[in-house]
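Results of the structural survey
The residues making up each chain are set out below.
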Amino acid sequence: MAAFWAVSIRELHMSLWRTWSELREQTRLSVIVDSAHCQQLATNVRCQQPHSETVVALKSPKPPLLLGAPPRLAYPLVVFMIRETETDELLHPDETVILVNVVHLRDPVCPLPTSILAQYLKQASGQLSCLKQLYLATGDPSSSDDGGSTQISGSLSLAEPVACADSTGPLLCTDSVLQDCPGIEQLCVVCHYFPLSRALLPCRHTCICAVCFGKLDRCPMCRAAITSYFCIRSEEYVPPNAIESKVNSKSKVAVHWLDALNDRLTDFLGFR
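Reading guide: rules and limits
- Residues numbered from 1 in each chain as written.
- Predicted model: local features only at pLDDT ≥ 70, side-chain atom pairs only at ≥ 80, totals over all residues.
- Heavy atoms only, no water.
- Helix = DSSP H or I, 4+ residues; strand = E, 2+ residues; numbered from the N terminus.
- Buried < 20%, exposed > 50% of the residue type's maximum accessible area, 1.4 Å probe, protein only.
- Contact = heavy atoms within 4.5 Å.
- Areas by Shrake-Rupley, 256 points an atom, 1.4 Å probe, with all protein chains shown as cover.
- Polar contact = N/O pair within 3.5 Å; in protein donor to acceptor, adjacent residues only side chain to side chain.
- Arc of directions from axis to C-beta.
- UniProt positions renumbered as here; feature names shortened; annotations may be inferred.
- Salt bridge = Lys/Arg side-chain N within 4 Å of Asp/Glu carboxyl O.
- Phe/Tyr/Trp six-rings, centres within 6.5 Å; stacked < 30°, edge-to-face > 60°.
- Pairing = 2+ DSSP bridges.

Looking at the overall build of the protein chain
- A tally of regular secondary structure across the protein chain gives six helices and twelve strands.
- A buried classification covers 38% of the 272 residues belonging to the protein chain.
- Taking the contacts inside the protein chain whose residues are at least 6 apart along the sequence as the reference set, 60% of them involve residues at least 24 apart.
- For the protein chain, the accessible surface area stands at approximately 16100 Å², while carbon and sulfur atoms represent 57% of it.

Quick word on the side chain of H104
- For H104, the location among the structural elements is in strand β4 (residues 96-104).
- Classification of H104 as buried rests on a relative accessible area of 6%.
- Only 3.1 Å separates the side chain of H104 from the backbone oxygen of L112, close enough to count as a polar contact.
- Residues in contact with H104, not counting those within four places in the same chain, are P76, C110, L112, P113, T114, S115 and L117.

A short note on helix α1 (residues 9-16)
- Every buried residue of α1 is listed here: L12, S15 and L16. Each buried residue of α1 lies within a common arc of 100 degrees when the element is viewed along its axis, so the set occupies one face.

Structural notes on the UniProt feature "domain: RING-type" (unreviewed entry) in the protein chain
- Mapped onto the present numbering, the UniProt feature "domain: RING-type" (unreviewed entry) falls on residues 188-223.
- As a span, residues 188-223 carries 11% helix and 22% strand, and end to end its C-alpha atoms are 16 Å apart.

Things to note about the pattern of salt bridges
- According to the stated counting rule, one finds four salt bridges in the structure shown.
- E11 is the partner of R10 in a salt bridge, and the nearest nitrogen-oxygen pair spans 3.0 Å.
- Under the relative-accessibility criterion, R10 is labelled exposed at 58%.
- With its nearest N and O atoms 2.7 Å apart, the salt bridge here joins E235 to R198. Of the two residues, E235 is situated in the loop between β12 (228-231) and α5 (240-247) and R198 in strand β10 (residues 198-201); the sequence distance between them amounts to 37 residues. Taken as a pair, E235 and R198 share a single burial class, namely buried.

Brief notes about the packing of aromatic side chains
- For the structure shown, the criterion picks out three aromatic pairs.
- Ring centres of F213 and Y229 lie 4.6 Å apart, and the angle between their planes is 55 degrees; this geometry places the pair in the tilted category. Of this pair, F213 sits in helix α4 (residues 210-213) while Y229 is found in strand β12, placing the two residues 16 residues apart along the sequence.

Focus on the pairing of β4
- The buried fraction of β4 is high, at seven of nine residues.
- As judged from the six bridges shared by strand β3 (residues 74-82) and β4, these two strands associate in the antiparallel manner. By the bridge assignment, F80 is partnered in β4 with V100.
- Of the strand pairs in this sheet, β4 and strand β5 (residues 115-123) are connected by eight bridges, and their pairing is antiparallel.

What to know about the side chain of S197
- Tracing the chain through its elements places S197 in the loop between α3 (175-179) and β10.
- Beyond its immediate stretch of four places on either side in the chain, S197 contacts I208, C209, A210, F230, C231, I232, R233, E235 and Y237.

Examining the environment of E22
- When you line up the elements, E22 lands in helix α2 (residues 20-28).
- Taking the C-alpha atoms as reference points, E22 and I32, separated by ten residues in sequence, lie 9.6 Å from one another.

So, unusual backbone geometry
- The amide bond that connects P70 to the next residue, P71, takes the cis arrangement and shows omega of -5 degrees.
- With respect to the helices, strands and loops of the structure, P71 is situated in the loop between β2 (38-44) and β3.
- Notably, A6 is not glycine yet its phi reads approximately 50 degrees, a positive angle.
- Within the secondary structure layout, A6 lies in strand β1 (residues 2-8).
- Here A6 falls in the buried class, since its relative accessible area comes to 4%.
- One non-glycine residue, R223, lies in positive phi territory at about 70 degrees.

Next comes the structure, spelled out in structure tokens:
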């Protein structure tokens, strides 16, 4: 794990476009971010044993960071989680080699709450993916202001490719991740019978099962047009004929052009 204070935004994104072989050599020399493009090294910790847990505390930088007024040209803190590999080790192209966390730190000039601004996954193939949150239906209207839909921070994430040499599509979430989220109603919000199993795109609401997906053109949570989806769990619970009869009747990839035009107009006028 390597962390850096005040990293140049431009240089960070340029470095993330490099191949894994180039980045691996940099990590061995502890120069994944050149000293000319950051103000200080926050920490550099190497794990001694596989799968061991280590608590790392970062002290406030001295002297204080000089970031200037927004819009800024540097991120306050960037944390890299890097896979330790040998030169001759053959990695599968889909294996993750670097996780990048971009963190905003609240200060008097920019009083926004401290939070993670972005997370990126670098795969051995060269693909760079941006992690985005999924929205899960809790089934408890009192838990949020929008009728039961809430964002589960750090629970489920969608990997959206932003640059790739050999794209293999989004990452999938497993059943165990859902089961580890306490208080989440895991049933489809439409039929309340089958478990929810599909994340809708582009709105990222995870709220319906495979059977109900074949009956909908729009997300039942926000009414956004459904252009695609991906599965977050196995759908073996559904008889095959229950899906085929609905899916074959209508394609979800091609949205009617009037619906697409209506959505664009709604966004332009600011009504959504």
